[in-house]
Each structure stands twice: as C-alpha cells, then as structure tokens.
Amino acid sequence: MKKEMNFSEATQLLYEGETLNGCSLKPESFPIFLTTAFTMGNLEDVQNTYDEKGYTYVRTRNPNRNALGKAISFMERGTHTLIFSSGMGAITTTYFSLLEPGDHFIANSNIYGETFDAINLLLQKYGVKVDYVDFGDLPAVQAAIRPETKMIYTEVVSNPTDRLADIGELAKLAHSCGALLMVDNTFTTPIAIKPIALGADIVINSLTKYINGHSDALAGSITVNDEEIYNKIHTIRMLTGTSGCPFSAWMVYRGIHTMDLRVRKQMKNAALLAKVLNDHPAVLHVNHPSLESHPQHVLAEKLFKDNESMTGMLSFEMPNDAKKINQFMDRLHLAHYAPTLGGIRTTLSHPLHSSHHHVPQEELKKMGISYGLMRISVGIEDGEDLIADFVQALEVFNG
Ligand SMILES: Cc1ncc(COP(=O)(O)O)c(C=O)c1O
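Note that the coordinates shown come from a computational prediction; the quantities given were computed from them, not determined experimentally. (Residues numbered from 1 in each chain as written. Predicted model: local features only at pLDDT ≥ 70, side-chain atom pairs only at ≥ 80, totals over all residues.)

A separate point is the nonpolar core. Counting residues in each nonpolar core, the largest one holds 94 residues, and the members touching the most others are Leu-68, Ile-152, Leu-170, Leu-181, Val-252 and Leu-314. By residue number, the principal contributor to this core is helix H11 (residues 259-278), which donates 8 residues. With residues near it in sequence (within four places) discarded, Leu-314 still touches Asp-162, Ala-270, Leu-273, Ala-274, Val-286, Asn-287, His-288, Ile-376 and Val-378. (Core = buried A, V, L, I, M, F, W, Y, C linked by C-beta atoms within 7 Å. Buried ≥ 20, exposed ≤ 12 C-beta atoms within 10 Å, placed from the backbone. Helix = DSSP H or I, 4+ residues; strand = E, 2+ residues; numbered from the N terminus. Contact = placed C-beta atoms within 7 Å.)

Let us now look at the sheet that holds strand E5 (residues 180-184). On the basis of which strands lie adjacent, the open sheet formed by 7 strands has the order E1-E7-E6-E5-E4-E2-E3 and mixed pairing. Unpaired on one side and paired on the other, strand E1 (80-84) and strand E3 (129-133) mark the two borders of the sheet. With strand direction ignored, the average angle separating the axes of adjacent strands in the sheet is 20°. Pairing geometry for strand E4 (residues 149-155) and E5, over 5 bridges, is parallel. Pairing of Glu-155 across the sheet is with Asp-184, part of E5. Most of the contacts of helix H3 (residues 63-76) go to E1, to which it runs at about 130°, and overall it touches E1, strand E6 (202-206) and strand E7 (220-224). Helix H9 (residues 227-240) rests against E1, E6 and E7 of the sheet, and its axis sits at about 15° to E1. (Pairing = 2+ DSSP bridges. Axes fitted to C-alpha atoms, helices over the stretch in contact; angles between N-to-C directions.)

Burial runs high along strand E2 (residues 104-108): 5 of the 5 residues are buried. Side-chain alternation along E2 places His-104, Ile-106 and Asn-108 on one buried face and Phe-105 and Ala-107 on a second face that is also buried. As defined by bridge partners, E2 adjoins E3 across 5 bridges and the pair is classed as parallel. Within the sheet, the bridge partner assigned to Phe-105 lies in E3 and is Val-130. Sheet topology note: the E2/E4 ladder contains 4 bridges and is parallel. Within the sheet, the bridge partner assigned to Ala-107 lies in E4 and is Tyr-153.

Glycine aside, a negative phi is what most residues show, and trans is what most peptide bonds show. The amide bond that connects Asn-159 to the next residue, Pro-160, takes the cis arrangement and shows omega of 0°. Structurally, Pro-160 is set in the loop between E4 and helix H7 (167-176). For Lys-53, which is not glycine, the phi torsion reads 50° and is therefore positive. Locating Lys-53 in the fold gives a position in the loop between helix H2 (43-51) and H3. With a phi angle near 55°, Ser-215 is a residue other than glycine that sits in the positive phi range. You can see Ser-215 is positioned in the loop between E6 and E7.

Running from N to C, helix H4 (residues 87-98) and helix H5 (residues 113-123) cross one another at 35°; their axes reach a closest spacing of 11 Å. The way H4 lies across H5 gives a crossing that is right-handed. Packed against H4, whose contacting residues are Met-88, Ile-91, Thr-92 and Tyr-95, the element H5 presents Glu-114, Thr-115, Ala-118, Leu-122 and Leu-123 at the interface. A breakdown of the residues in the contact of H4 with H5 according to their chemical character gives 6 nonpolar, 2 polar and 1 charged. (Left-handed = near helix turned anticlockwise from the far one by under 90°. Nonpolar A, V, L, I, M, F, W, Y, C, P; charged D, E, K, R; others polar.)

The next point concerns the domain arrangement of the chain. Domain annotation for the chain reports domain 1 (9-256) and domain 2 (260-397). In this structure, domain 1 and domain 2 have C-alpha centres spaced 27 Å apart. Across the boundary between the two partners, domain 1 contributes 25 residues, which contact 32 residues of domain 2. Mapped by element, the contributors of at least two residues to the side of domain 1 that touches domain 2 are helix H1 (9-13) and helix H8 (189-192). Sort the elements by how many residues they give to the side of domain 1 that touches domain 2 and H8 lands first, with 3 residues. Across the side of domain 1 that touches domain 2, the residue classes tally to 11 nonpolar, 10 polar and 4 charged. (Domains from an automatic or database assignment.)

Lining the immediate surroundings of the ligand are 14 residues, of which Ser-86, Gly-87, Met-88, Ser-206 and Thr-208 lie closest. Of the residues in the shell around the ligand, the class split is 4 nonpolar, 8 polar and 2 charged. (Near = placed C-beta within 6 Å.)

With that out of the way, let us pick up H9. For H9, spanning 14 residues, the distance from its first C-alpha to its last is 20 Å, which sits close to the expected 20 Å at 1.5 Å a residue. Among the residues of H9, those classed as buried are Tyr-230, Ile-233, His-234 and Arg-237. Looking straight down H9, one finds its buried side chains confined to an arc of 105°; they lie on one side. Of the residues in H9, the exposed ones pointing more than 90 degrees away from the buried face are Glu-228 and Leu-239. Contacts made by the buried residues of H9 are with E1, H4 and E7. A positive backbone phi angle near 70° is found at Gly-241, which sits one or two residues after H9. (Expected span 1.5 Å × (residues − 1). Arc of directions from axis to C-beta.)

This is how it looks when you write it as structure tokens:
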C-alpha cells in the first residue's frame with residue numbers, strides 16, 4: 001500500500017492520461033491506436049459498449065484523444081476536454097455547437113486573423129449577430145451586451161501586440177447576462193494562466209503551438225467544466241468530422257509531457273529578450289507584458305505570477321526600412337522566419353505579410369502595427385545566445 005502524497009503540477013502532468021485497462025502488456029509510453037474501430041462481442045456487449053460510451057468508432061472516441069484530453073483537462077482545471085483536427089476545427093465546431101441563428105456574439109477586435117475570418121464568413125452567414133469591441137475597454141464590452149448575447153470571445157494575449165484581456169472581469173460581465181465566456185489560451189498556455197479558474201466557461205488551445213511544441217503536428221482542444229456543454233460539442237464534432245486523428249493526438253500527448261520545461265524557458269527567454277530589445281537604440285518599440293512600458297503592465301501583474309511567466313510571444317518595431325529589415329533577417333543565425341509559433345526554436349513572423357495583410361491602413365495604425373513590426377515566438381535556446389544573435393543582427397541599423 002503506497003502512502004498518499006501531494007506532487008507538483010509539473011510532476012502530476014507526467015502521470016495524467018488514459019490507463020490501459022485489461023491489457024497484459026505494460027508499455028512505459030502510451031501506444032498509438034491506429035484503428036478505425038474496436039471489436040465487440042454479442043449484441044449485449046455492443047449495447048453495453050454504447051451505453052458506457054466505450055470505444056466504438058474512431059470519429060466518436062479514441063484512446064489517444066482521451067489520454068491527451070485528460071492531461072489537458074488536468075492542466076486547464078476543466079472536467080472535460082475534446083481533441084480536434086486543428087485549433088480552427090475546435091473554434092468553429094464550438095461556435096456551431098453553442099450558437100444559434102439570432103444569437104448575439106461579442107468578440108475582442110484583436111484576435112487571430114483566421115478566427116476573425118471564421119466569425120465573418122461562417123458565423124455571420126449562419127445568422128449570428130456579431131460585434132467587435134476593444135476588450136481593453138471593459139465599459140465598452142458592457143455597453144455592447146444585449147439580451148440575446150450568448151457568447152463573449154477573446155484571446156488572453158493578442159497577436160501581435162500582446163494586448164491583454166482581463167479574464168476574471170470578462171467572466172463576470174458574460175455571466176451577468178447569462179452568456180458564456182470562451183477564451184483562446186494558445187499564446188499563454190495553461191502554464192501561464194488557467195482561464196477556467198478565473199471564471200471562463202470554455203478554453204480553446206491550438207495544440208499545434210506550445211502544447212505540442214515541436215512544430216510537427218496539427219491539433220486543437222476545447223476544455224469545459226460543464227457536462228451539458230461538453231455533450232453538445234461532442235455531438236457536433238462527431239457530425240462535422242472535426243475529431244483529431246489518433247497519430248496527431250499521440251504526438252501532442254508526447255509533447256505535453258515536456259511542456260512545463262519548454263514553456264517556462266520560453267517565457268523567461270521572452271522576458272529577457274524583451275528587456276534587451278527595449279533598451280536597444282535601433283528598436284523603436286517592444287510589445288511584451290513584462291515591460292513597464294506595456295500599457296497594461298498592471299493588469300499583467302494581476303493575471304500572471306511574475307514577469308517570466310507571461311508569454312513566450314513578443315513583437316518589436318524596427319525603423320521602416322525594408323532593405324535594412326531584410327539585412328537584419330539575413331544576419332540572424334538562430335531566429336528564422338516560419339508562419340507558426342510556440343515551437344522549440346525561435347521564429348519570426350511579419351504581421352503585414354501574414355496575419356494582418358488584409359487589415360486597412362487606418363486600422364493597422366490604431367493597432368500599432370507598422371511595416372517595421374516583427375513578431376517573435378521565442379524558443380528554448382540559451383537566452384544569452386539568443387540575445388547576442390539579435391544584438392549583432394541589429395547592427396545593420398548603425399549609422
Ligand atoms: C491564437 C490562435 N488561435 C487559433 C489558431 C488556429 O490554430 P490551428 O492552426 O491549429 O488551426 C492559431 C493559429 O495560428 C492561433 O495563433
């Protein structure tokens with residue numbers, strides 16, 4: 001008989017997931033179940049399997065998705081997690097599970113470009129009325145609420161300028177009118193913040209990013225703490241076929257076990273790099289919540305444990321000189337351009353060539369996005385190496 005003990009979250013995460021009941025083999029790592037179906041015995045067994053929500057057909061349930069879902073539920077402090085084919089699959093399936101034509105939906109005006117497109121091209125067409133509000137202005141969110149408001153939607157940290165949303169206050173506003181608060185935790189991860197513990201009803205993570213962490217799998221998750229909401233999303237996931245594939249779920253389950261090590265280092269490196277860039281004469285502006293110059297630094301201190309536990313994402317503005325920006329990119333040894341984020345290697349992205357290419361000039365100005373703005377997804381390299389590389393590359397702006 002083992003003595004009962006309490007372990008830290010990082011330790012417990014390694015032991016969260018499915019157990020292989022009834023299996024005589026005892027694999028140390030959870031195997032992949034590449035099977036489209038599970039066999040059953042007679043009709044009594046068939047009935048029992050369906051009644052107990054056992055494993056039947058891959059689109060409905062699969063052990064790799066379940067194992068990963070349990071680990072994410074543990075990290076997000078939810079009761080149920082569903083695994084999807086992508087972050088976008090998770091977002092759109094949840095919208096169609098919980099919203100109906102005539103409902104009203106309020107979204108933060110600063111959200112991921114394709115979520116914005118999905119709201120405009122799919123949700124509005126389906127008859128949901130949408131308002132975009134700057135969630136930095138809570139009275140404006142309150143003023144946008146209508147009797148038919150059913151969902152409030154935000155990211156914790158926005159792309160690419162790292163603006164923050166006050167999750168606890170937004171949850172109070174949503175619940176004051178019977179609406180649900182849905183939060184995208186992709187940029188922050190459950191290591192930095194646990195939106196459900198702050199009152200959010202639904203948390204989405206693009207697992208393609210930090211949670212998998214190795215830039216080699218596409219997947220998404222939805223975590224909730226209400227069985228009725230879970231059942232609704234489960235049904236629509238089954239009908240739309242947006243369930244995650246077992247192989248990707250297995251990859252992400254492997255990745256999540258090192259998330260604590262990776263993400264803590266990424267967040268620490270980001271805070272270090274943000275400070276160095278902020279003090280650099282060639283840099284016009286840096287966006288990272290750890291900096292005192294960040295307009296919501298006080299909110300950042302309320303939301304996160306400390307400056308090194310906020311996000312691994314930052315952006316910085318160089319002079320608007322295309323030739324020098326290209327030379328700067330050519331000189332970098334480590335950070336390189338890649339249209340993703342959250343991987344173990346530091347990557348760059350240029351918002352005007354990617355997420356914000358369709359945004360009108362006057363809107364870009366309001367958002368603080370210029371040609372010289374570069375987004376950095378900070379990796380797990382040695383922090384001093386990363387800083388030395390950025391500093392030598394910035395020499396192109398000397399003179
Ligand atoms: C904040 C955020 N949410 C959702 C998504 C969509 O995730 P996926 O690419 O896994 O569909 C992304 C993708 O970049 C993202 O940055």
